[in-house]
Amino acid sequence: LGLIRAIRGLDVEEGECYLADEDDGDVKLKSATMPILQDHRVISDLNRGERRWLSLQTAMVGMSASTRGHRDGLVLLDEPTVEMSPKLKRLAWGLIQEIKQAGCGVLVATHDVEEAERGDEIIVLSRGVTVFTGTELELRRRFGCGYQLNIRVSPAMLVTGAVHNLVTRTLGSKTASKTSSDGYCTFDVPHEMEDRLPRLLTTLDMNRSVLGVEDVQLRSATVFNSFMSLIRQVELEAAVREGRYELLLVAEEQIALKIPIGSDLVESPSGILYQLVWSTDPSNGRLTISSYSMVPAD
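What you are looking at is a predicted structure, and each value in this text was computed from that prediction instead of being measured.

Trainee: What should I look at first to understand the packing of helix α7 (residues 162-171) against helix α8 (residues 197-206) in this one?
Mentor: Packing of α7 against α8 leaves a shortest axis separation of 10 Å and a crossing angle of 155°. The angle between α7 and α8 falls in the class roughly antiparallel. Between α7 and α8 lies a crossing whose hand is right-handed. Where α7 abuts α8, its residues Leu-166, Val-167, Thr-170 and Leu-171 lie against Leu-197, Arg-199, Leu-200, Thr-203 and Leu-204. Across the contact of α7 with α8, the residue classes tally to six nonpolar, two polar and one charged.

Here is the structure:
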């Protein structure tokens, strides 16, 4: 850091650095003036997250609010918090916020949706093309599914599919769903179905014991849900143009179906409708089918 300070025409021996303030068990960012060469640890001894943190501080040297020479600049950061511990991530974003308040623009490239939420404006790229530009609120409004309904069902009733059938009958077959290992059934409720929620919640409450309902949670869709909805739409359009499909093996009918990328529903030759759940392959960012379920006949 001393070398970087010298290159930027700043005092080499002392300067502003950033420490973790862990009073009362809380971790906060605080700036401090201390000998910059006090820590003589060799960089090769640092773990990957610590090297990222050092790299970020190196990029930020001389950019603080007390340094007027670099105001109104632009800081470009590519995946700044990759492999950082949760503590270092909080410190990193505290530092980025401080640099922003000093008058510098900050452009962050990231695959972390939670990290993208912190930006004043979000730009989403897919296949090298900008597919969305706007605020987090605008992303939620345009691509959010409305609400996420989580219902925990007893193991005995979970296998019957009674709750799933009730929800899809009330909210429609296009309501995406998935079941977790802890017994929670999760349903994405589209905006156009919100007016049906009161009736559904009342029915669930009145028939708790019969349906085996142990817990019901309703929350607004997350930015991640909105992001996945946007990416699914982009992938679906690209798949149609390129003629790409995902192969789904349907054990119930012992057949294989060609599924356009991003499709929520597919009908088999026998007329049975299947609901698909998609996830992102971390190795290449492409959508893949993570699970499917049969849609009950109305």
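Trainee: Explain α7 here, please?
Mentor: Along an α-helix, a turn takes 3.6 residues, which lines up residues three or four apart on a common side. Summarising burial for α7: seven of the 10 residues are buried, a large majority. Those residues of α7 that fall on the buried side of the exposure criterion are Val-163, His-164, Leu-166, Val-167, Thr-168, Thr-170 and Leu-171. Remark: Gly-172 follows α7 within two positions and exhibits a positive phi of approximately 105°.

Trainee: Would you mind going over a nonpolar patch on the surface with me for this structure?
Mentor: Taken together, the side chains of Leu-74, Leu-76 and Leu-107 present a nonpolar region at the surface, about 330 Å² in accessible area. Within the secondary structure, Leu-107 is located in strand β4 (residues 105-109).

Trainee: Can you walk me through the side chain of Ser-154 in this structure?
Mentor: For Ser-154, the location among the structural elements is in the loop between β7 (147-153) and α6 (155-158). Under the relative-accessibility criterion, Ser-154 is labelled buried at 14%. Not counting residues up to four positions away in its chain, the partners in contact with Ser-154 are Gly-212 and Glu-214.

Trainee: What should I look at first to understand the packing of aromatic side chains in this one?
Mentor: Aromatic ring pairs are reported here in terms of the distance separating the ring centres and the angle at which the planes meet. Applying the stated criterion across every chain yields a total of one aromatic pair. Here Tyr-274 and Tyr-292 contribute two aromatic rings whose centre-to-centre distance is 5.7 Å and whose plane-to-plane angle is 75°, an arrangement assigned as edge-to-face. Here Tyr-274 is found in strand β14 (residues 273-280), whereas its partner Tyr-292 is found in strand β15 (residues 287-294), with 18 residues between them in sequence. One Lys or Arg, Lys-258, reaches over the ring of Tyr-245 and ends 6.0 Å from the middle of that ring.

Trainee: Can you help me understand the packing of helix α2 (residues 48-60) against helix α3 (residues 86-101) in this one?
Mentor: When two helices pack together, their arrangement is given by the angle between the helix axes and the distance between those axes. Put simply, α2 and α3 touch, their axes get as near as 11 Å, and they point 10° apart. The orientation of α2 relative to α3 falls into the category roughly parallel. In this structure, α2 contributes Gly-49, Glu-50, Trp-53, Leu-56, Gln-57 and Met-60 to the contact, and α3 contributes Leu-88, Leu-91, Ala-92, Leu-95, Ile-96 and Ile-99. By residue class, the composition of the contact of α2 with α3 is nine nonpolar, two polar and one charged.

Trainee: Quick question: what am I supposed to make of unusual backbone geometry here?
Mentor: In terms of backbone geometry, most residues other than glycine have negative phi values and most peptide bonds are trans. Unlike most non-glycine residues, Glu-79 shows phi in positive territory, near 50°. Mapped onto the fold, Glu-79 is located in the loop between β3 (74-78) and α3. For Gln-254, which is not glycine, the phi dihedral falls at a positive 55°. Residue position: Gln-254 is located in the loop between β11 (245-250) and β12 (255-260). On the basis of relative accessible area, Gln-254 is assigned to the exposed category, the value being 74%.

Trainee: Got a minute to help me understand the pattern of salt bridges in this structure?
Mentor: One side chain can pair with another of opposite charge once the charged atoms of both are near each other. Enumeration over the complete set of coordinates arrives at five salt bridges. Asp-120 is the salt-bridge partner of Lys-100, the closest N and O atoms lying 3.2 Å from each other. Taken as a pair, Lys-100 in helix α3 and Asp-120 in the loop between α4 (113-116) and β5 (122-126) lie far apart in primary sequence, 20 residues in all.

Conventions used here
- Residues numbered from 1 in each chain as written.
- Predicted model: local features only at pLDDT ≥ 70, side-chain atom pairs only at ≥ 80, totals over all residues.
- Heavy atoms only, no water.
- Axes fitted to C-alpha atoms, helices over the stretch in contact; angles between N-to-C directions.
- Helix = DSSP H or I, 4+ residues; strand = E, 2+ residues; numbered from the N terminus.
- Parallel < 35°, antiparallel > 145°, perpendicular 65-115°, else oblique.
- Left-handed = near helix turned anticlockwise from the far one by under 90°.
- Contact = heavy atoms within 4.5 Å.
- Nonpolar A, V, L, I, M, F, W, Y, C, P; charged D, E, K, R; others polar.
- Buried < 20%, exposed > 50% of the residue type's maximum accessible area, 1.4 Å probe, protein only.
- Patch = residues over 30% accessible without salt bridge, like charges linked within 9 Å, V, L, I, M, F, W, Y side chains within 5 Å.
- Areas by Shrake-Rupley, 256 points an atom, 1.4 Å probe, with all protein chains shown as cover.
- Salt bridge = Lys/Arg side-chain N within 4 Å of Asp/Glu carboxyl O.
- Phe/Tyr/Trp six-rings, centres within 6.5 Å; stacked < 30°, edge-to-face > 60°.
- Lys NZ or Arg CZ within 6 Å of the ring centre and 35° of its normal.

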